[in-house]
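Descriptive analysis of the structure
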Amino acid sequence: MSRPREPSRRDQNEKAAGDSPRTVLAWYGPFFLLVFLVGCVQIEDPDIWWHLRTGQLIWEGGRLPRTDWFTYTNPDSPWIDLHWGFQLLAALLWKVGGAPALVITKSLFAAATFALAMLAGRRAWPAWQTVACWLPAVLIFSGRNQVRPEMFSLLILAGELAILFHARARPRLLWLLPPAQVIWINVHGLYILGLVLWGCFLAGEILRTVVRHEPAAGTQAGIPASHWVLVSFLMVGAAIVNPYGLDGALFPFTLLKRIEGADHAFYTQFSGEFRGMSEFLATYGWAGALRNLTTLTMLLLAVATGLSFVPRFLRAQFDLYRMLVFGLFAWLAWQANRNAVLFALVSATVLRANLGEWLEGRRDGRRRFSLGPVLTASFLGVLIFCVPFDLLSVTRPAEIPRLFGVGEIPRAFPHEAARFLGRDGMPRRCYALDEGAAAVYTFHNAPQRLVFADARLEVNTRETLERYLAIERQLMDGDERVFDALAEGAERGIDQEAEVPSLLISLRYLAANRELQHGLAKLKRFRRVYVDYVAVAFVEASQAEVLGLPEVTE
């Protein structure tokens, strides 16, 4: 008769944790419900409109953009569109189910992202502790959870974090990294973060092997060290597996140099997501940062993750990989607020790993009351209750509100005005204030009708954007020379010569700019031909006469 198997240390830990399948479901069910609900916010990001139109045109024409399709001021500007995979999916979802299909799919992406990221852990670790470590990341995610190409970046980043966490025990997982990189570069330019993760991991393995004289992870499972070189080669080579080849692989670096270089202050006028924490503090101060849910949670998460390294140091367990990725992504979040969710994913992964390994050896198998699960469950329940009532939005006074739902924010986008300006006989060019209005105009009218400039910093040159600002200044001054400035630009197949573009102005933008209101009132050559609760449209008076469009006063 065989002797019964002695329970392993892992078996003992799982038993001590008391995490039966029912317990795991009791914790993870509400947690993923929260993640899904947090993702169900109405569309407020105007970039989705030019993404949708691009995807529609790719489906219709069977080709990707090479030069700009949407502006008449950048006729030869190269357009390296690394978002094309996302745009095809978005256009398909829009055709199938409109805005609800986009929002629900994005929420499912969010749930999958957190599920993958939470795989960077061990089954023996108590589920309530995992949920507690990941709740701050959900709060940060709730501040930036729109339908954007980065939802792919978050998903793939989470998957690669999980792979690298288990790579030392299961090195064959590393062969999943190159295919993931191929997908990544064809949906979003942040594919370079996968190379950053891999570089940090290699640095940690080199230190582990050379300094501590431990075998590399690959050799433990019988994989030659040369395979690490091959994985590295495939990771880098994956970058050129895109329709633009080497130009596509290098373009994120070109854009980063533009945004983070000497022209940073100029470009942030057009994209607030590139503003960093230092600029936020300069505007709102530390008091404002501590009153804002996103910045407060980021600071708390950063402190908690930093402190989680202390027990490892005390036990002489130095993990260079975890320190590098935590430090680098914290720096990225400091540089630009758009990186907050990326930092949240990485920081929560590191926090859970450090905390889990520290507590792993401290459980003695005895069941006793703990305040931690009670507080975690209470906080989780409060958040689930708050989300449908938009209570999280009021904690971010400096940010655009995220409203619960699966449609568009009512009266946020000038769809009717854009359709009006797309009628027969209307000018085939448009100067739109702000960039969101330009995106909506593009969605309804491109490529038959074009805009002066829009929010795509990868296409619009600094010269074009400077002209855009100069025209806005002329409009505010009521300067009649603005008509010549507006008419200047490449015709790009437009029949009319020296045509004065229409004006499309967001009513929210106009209401906040009294100078612009006064300047437009002085320009008698413009006639206001359309107004609603969202936008106002102007056409040159002579063309309005030809079209029989009267002046709209209210």
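As a starting point, this report considers the structure included with it. Counting starts from 1 at the beginning of each chain's written sequence and moves along it residue by residue. Restriction of local features to residues with pLDDT of at least 70 applies here, the model being predicted, together with a cutoff of 80 or more for giving and counting side-chain atom pairs; totals for whole chains, interfaces and linings are based on all residues. Hydrogens and water molecules were not included; the side-chain quantities draw on all heavy atoms of the structure.

1. Focus: the side chain of Gln87
The helix and strand labels rest on DSSP assignments: H or I over at least four residues marks a helix, E over at least two residues marks a strand, and numbering proceeds from the N terminus. Mapped onto the secondary structure, Gln87 falls in helix H4 (residues 84-118). A distance of 2.9 Å separates polar atoms of two side chains, one belonging to Gln87 and the other to His51. Residue contacts for Gln87: discarding those within four places in its chain leaves Trp50, His51, Thr54, Gly55, Ile58 and Asp81. For this analysis, a polar contact is any N or O atom pair within 3.5 Å, provided that within protein one partner can donate a hydrogen and the other can accept it, and provided that sequence-adjacent residues contribute only side-chain to side-chain pairs. A contact between two residues is defined here by any heavy atoms of the two lying within 4.5 Å.

2. Side note on the pairing of strand E5 (residues 535-540)
Burial runs high along E5: six of the six residues are buried. Taking every second residue as pointing to the same face, both faces of E5 are buried, with Ala535, Ala537 and Val539 on one and Val536, Phe538 and Glu540 on the other. Two strands make a pair as long as DSSP finds a minimum of two bridges between them. Where strand E4 (residues 526-531) and E5 come together, five bridges link them in antiparallel fashion. Bridge pairing in E5 links Tyr530 to Ala537. Between the antiparallel neighbours E4 and E5 lie three residues. Note on classification: 1.4 Å probe, protein chains only; a residue is buried when its accessible area is under 20% of the maximum for its type, exposed when over 50%, partly exposed between these limits.

3. Looking at unusual backbone geometry
Look at the link from Leu433 to Asp434: it is a cis peptide, with omega at 5°. Tracing the sequence through the fold places Asp434 in the loop between strand E1 (429-433) and helix H20 (435-445). Positive phi values are uncommon outside glycine, yet Arg411 reaches one of about 60°. Its location among the elements puts Arg411 in the loop between helix H18 (371-386) and helix H19 (415-421). By relative accessible area, which is 57% here, Arg411 ends up exposed.

4. A word on helix H8 (residues 192-210)
By this rule, a helix spans an expected 1.5 Å times one less than how many residues it contains. Compared with the 27 Å implied by 1.5 Å per residue over 19 residues, the 27 Å span of H8 between its first and last C-alpha is a close match. Listing the buried residues of H8 in full gives Ile192, Leu193, Gly194, Leu197, Trp198, Cys200, Phe201, Gly204, Glu205 and Arg208.

5. Structural notes on the pattern of salt bridges
Basic side-chain nitrogens of Lys or Arg form a salt bridge, by our definition, when they fall within 4 Å of a carboxyl oxygen of Asp or Glu. Scanning the entire structure with this criterion turns up 22 salt bridges. For Glu357, the salt bridge goes to Arg312, with nearest N and O atoms at 2.4 Å. Of this pair, Glu357 sits in helix H17 (residues 340-360) while Arg312 sits in helix H15 (residues 310-314), and the two are 45 residues apart along the sequence. Pair check on accessibility: Glu357 and Arg312 agree, each one buried. For Asp454, the salt bridge identified is with Arg456, shortest N-O distance 2.8 Å. Residue Asp454 shares its accessibility class with Arg456, and that shared class is buried.

6. Some remarks on the side chain of Glu160
Of note, Glu160 is situated in helix H6 (residues 150-166). Charge counting follows a simple rule: Lys and Arg are positive, Asp and Glu are negative, and His as well as the terminal groups are ignored. Despite being buried, Glu160 has no salt bridge partner; Arg168 is the closest side chain of opposite charge, sitting 15 Å away. Beyond its immediate sequence surroundings of up to four residues, Glu160 is in contact with Leu177, Ala180, Gln181, Trp184, Gly194 and Leu197.

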